[in-house]
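Close look at the chain arrangement
Chain by chain, the residues:
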Amino acid sequence: MQEMQATPRTQPLRVGVAGLGRLGRRHAQNLAYRVPGATLAAACSPLEEDLAWAREALPAARLYADYAAMLADDALDAVWLVTPSALHAQQIVDALRAGKHVFCEKPLSLDVAECERVVAESRRYDSQQVTIGFMRRFDPSYQAAFAKVQAGAIGRPFLVRSQTCDLNDPEGFFVRFAPTSGGIFLDCTVHDIDVARWLLGKPRATRVYATGTIALHEGLRAAGDVDNGVAVCEFEGGGLAMFYASRTMAHGNDTSSEVIGTAGALAIGHIPRVNRVEIYDAGGVRSECTPTFFDRFEEAFLVEAQAFVASVRARMGASGAHDAAAQGATLEDALEATRIGQALRQSLQTGQAVTF
Ligand SMILES: NC(=O)c1ccc[n+]([C@@H]2O[C@H](COP(=O)([O-])OP(=O)(O)OC[C@H]3O[C@@H](n4cnc5c(N)ncnc54)[C@H](O)[C@@H]3O)[C@@H](O)[C@H]2O)c1
């Protein structure tokens, strides 16, 4: 096992981002310009187009076309993986072996055995942090609801209803992406699964059932996928979750959750308004909707990055408490999310409930 390099207390955390696509560019800009205590020291993508963007947008970062070359950079404390999901598991293992802390976008892997391999390997690197990017845990509204549940405000929580619904994309980007995305439950519902387990006290699932339909995108049929899916998940101890995922919303990204307890309920984000403007016109009274997941969760991505950097710096001896609860989803949480997501996909395809 490689020893972590001691970083002087006052030095910022030196981060390298791998993957500069749709989401990687957002993470890179947050780390470069909006996260106290972090320096975006390096960035990596095999695509020249991404590197050309980085030369302009991230002038202070050392640029790599090869992930292994970035990992060999001794002047990096942490890597930030925003690469295609199928690469995450091995890239996390490689980063741990190179002595780096790791932030990795969801999902950990589309394959449960791969997740288990990473969890087992990570046990050899106790001093290095690994966080998986279930950013809803850092959204201020989700955090406020979680704090109320913890404080007993709704009694004993026993049911979560949660949905991830995207604006319809007539171009069908996700149809082309379907063969590698793992399908609607592993790509979208995986967030709701993590939210449900987080709000219900991290129970393990005992049985799931899923079904779905193709409302618009017939191209998904070949990949065994649907554009609207619903699911029920039973947890040990009697907890329940109901999930809905859609790719075909007419109004925008409509992501919300509800947690129901023995003494009350909390609804999070049920009206997906993009801002606080109400429009009064001949059509009635309305608000405009968040167009994309990033518009809805921009603040969550930033708070998530700030929390990771603060947590790792605290481990390394900088000021601030090392707060395990504030670290976000662990590898074990991400393993459970993939285990449930994979079972939902199996249930969708077989028409049968899956018992764990
Ligand atoms: N948290 C969320 O809500 C959320 C939302 C969108 C995407 N994601 C996740 O983020 C990840 C990236 O998604 P995206 O939409 O940005 O994908 P993308 O295809 O737009 O970007 C992927 C990037 O990775 C780069 N890449 C490919 N192989 C690489 C390698 N070996 N080393 C370094 N870089 C490599 C590509 O060149 C590209 O720049 C996925 O895992 C996805 O599930 C999470």
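Residues numbered from 1 in each chain as written. Predicted model: local features only at pLDDT ≥ 70, side-chain atom pairs only at ≥ 80, totals over all residues. Heavy atoms only, no water.

In this model, the second largest pocket occupies a volume close to 520 Å³. Lining the second largest pocket are 19 residues, and of these Asp-139, Ser-141, Arg-273, Arg-296 and Glu-299 lie nearest its centre. A total of 4 residues in the lining of the second largest pocket trace back to one element, the largest contributor, which is helix H9 (residues 293-315). (1 Å grid on protein atoms, 1.4 Å probe; cavity = no way out; pocket = protein on both sides within 12 Å on 5 of 7 lines; lining within 4 Å. Points joined across faces, edges and corners; volume = space filled by probe spheres on them. Helix = DSSP H or I, 4+ residues; strand = E, 2+ residues; numbered from the N terminus.)

The strand order across the open sheet formed by 6 strands is S3-S2-S1-S4-S5-S6, and the pairing between neighbours is parallel. The open sheet terminates on both sides in strands that have one partner only, identified here as strand S3 (62-64) and strand S6 (130-133). Direction aside, the axes of adjacent strands within the sheet are offset by 20° on average. Judged from the 4 bridges that link them, strand S5 (residues 101-105) and S6 form a sheet pairing that is parallel. When the sheet's bridge partners are listed, Val-102 is paired in S6 with Val-130. Sheet strands in contact with H9 are strand S1 (13-18), strand S2 (38-44), strand S4 (78-81), S5 and S6, and its direction is about 165° off that of S5. (Pairing = 2+ DSSP bridges. Axes fitted to C-alpha atoms, helices over the stretch in contact; angles between N-to-C directions. Contact = heavy atoms within 4.5 Å.)

When its domains are assigned, the chain resolves into domain 1 (13-136 + 299-329) and domain 2 (140-296 + 337-355). Centre-to-centre, using C-alpha coordinates, domain 1 lies 25 Å away from domain 2. On the domain 2 side, the residues contacting the 18 residues of domain 1 number 24 residues. The three residues of domain 1 that bury the most area against domain 2 are Leu-110, Phe-134 and Arg-136, which together make up 43% of that side's buried surface. If you look at where domain 1 meets domain 2, you find 3 salt bridges. Note that Glu-116 is salt-bridged to Arg-339, the shortest N-O span being 3.8 Å. Here domain 1 and domain 2 share 5 residue pairs in polar contact (both at pLDDT 80 or more) between them. Among the secondary structure elements, those contributing two or more residues to the side of domain 1 that touches domain 2 are helix H5 (112-122) and H9. Taken together, the residues of the side of domain 1 that touches domain 2 break down into 9 nonpolar, 2 polar and 7 charged. (Domains from an automatic or database assignment. Buried area = accessible area lost by both parts, 1.4 Å probe. Salt bridge = Lys/Arg side-chain N within 4 Å of Asp/Glu carboxyl O. Polar contact = N/O pair within 3.5 Å; in protein donor to acceptor, adjacent residues only side chain to side chain. Nonpolar A, V, L, I, M, F, W, Y, C, P; charged D, E, K, R; others polar.)

Here the focus is unusual backbone geometry. Cis rather than trans, the peptide bond between Lys-106 and Pro-107 has omega equal to -15°. Following the sequence through the fold, Pro-107 ends up in the loop between S5 and H5. The backbone of Lys-202 sits at a positive phi, close to 60°, despite the residue not being glycine. Residue placement: Lys-202 occurs in the loop between helix H8 (184-199) and strand S8 (205-213).

Let us look at the pattern of salt bridges. Summed over all chains, the structure comprises 25 salt bridges. Notably, a salt bridge pairs Glu-121 with Arg-124, separated by 3.2 Å at the nearest N-O pair. For Glu-121, a relative accessible area of 13% puts it in the buried group. For Asp-281, the salt bridge is made with Arg-286, and the minimal N-O distance between the two is 2.7 Å. Residues joined in a network through salt bridges with shared partners are Arg-137, Asp-194, Arg-197, Lys-202 and Asp-333. (Buried < 20%, exposed > 50% of the residue type's maximum accessible area, 1.4 Å probe, protein only.)

One broad rule of soluble globular proteins: the nonpolar side chains tend to lie buried together. Counting 102 residues, the largest nonpolar core has Leu-31 and Ile-92 as the members making the most contacts within it. Built from parts of two domains, this core gets at least three residues from each of domain 1 (13-136 + 299-329) and domain 2 (140-296 + 337-355). (Core = buried A, V, L, I, M, F, W, Y, C linked by side-chain atoms within 4.5 Å.)

Now for the pairing of strand S7 (residues 157-167). Two elements, S7 and strand S11 (residues 256-261), share 6 bridges in a ladder whose sense is antiparallel. When the bridges of S11 are listed, Leu-159 appears paired with Ile-260.

Near the ligand, the surroundings consist of 26 residues, among which Arg-22, Leu-23, Asp-50, Ser-85 and His-88 are the closest. Arg-22 is positioned such that a nitrogen or oxygen atom in its side chain is 2.8 Å from an oxygen atom of the ligand. The separation between an oxygen atom of the ligand and a polar main-chain atom of Leu-23 is 2.9 Å. In isolation the ligand has 850 Å² of accessible area, and contact with the protein removes 82% of it. Those elements that provide at least two residues to the shell around the ligand are helix H4 (88-97) and H9. Among the residues forming the shell around the ligand, the class breakdown is 13 nonpolar, 9 polar and 4 charged. (Near = heavy atom within 4 Å. Areas by Shrake-Rupley, 256 points an atom, 1.4 Å probe, with all protein chains shown as cover.)

So, on to helix H7 (residues 173-181). Among the residues of H7, those classed as buried are Phe-174, Ala-178 and Ser-181. The buried residues of H7 occupy an angular sector of 90° when projected down its axis, which confines them to one face. More than 90 degrees from the buried face of H7, the exposed residues found are Arg-176, Pro-179 and Thr-180. Those residues of H7 that are buried are in contact with H8 and strand S10 (240-249). A positive backbone phi angle near 90° is found at Gly-182, which sits one or two residues after H7. (Arc of directions from axis to C-beta.)

So, on to the packing of H5 against helix H10 (residues 331-350). Relative orientation of the contacting elements H5 and H10 amounts to 170°, with a least axis distance of 9 Å. The orientation of H5 relative to H10 falls into the category roughly antiparallel. For the pair H5 and H10, the contacting residues are Val-112, Cys-115, Glu-116, Val-118, Val-119 and Ser-122 in the first and Leu-331, Glu-332, Leu-335, Thr-338, Arg-339 and Gln-342 in the second. By residue class, the composition of the contact of H5 with H10 is 6 nonpolar, 3 polar and 3 charged. (Parallel < 35°, antiparallel > 145°, perpendicular 65-115°, else oblique.)

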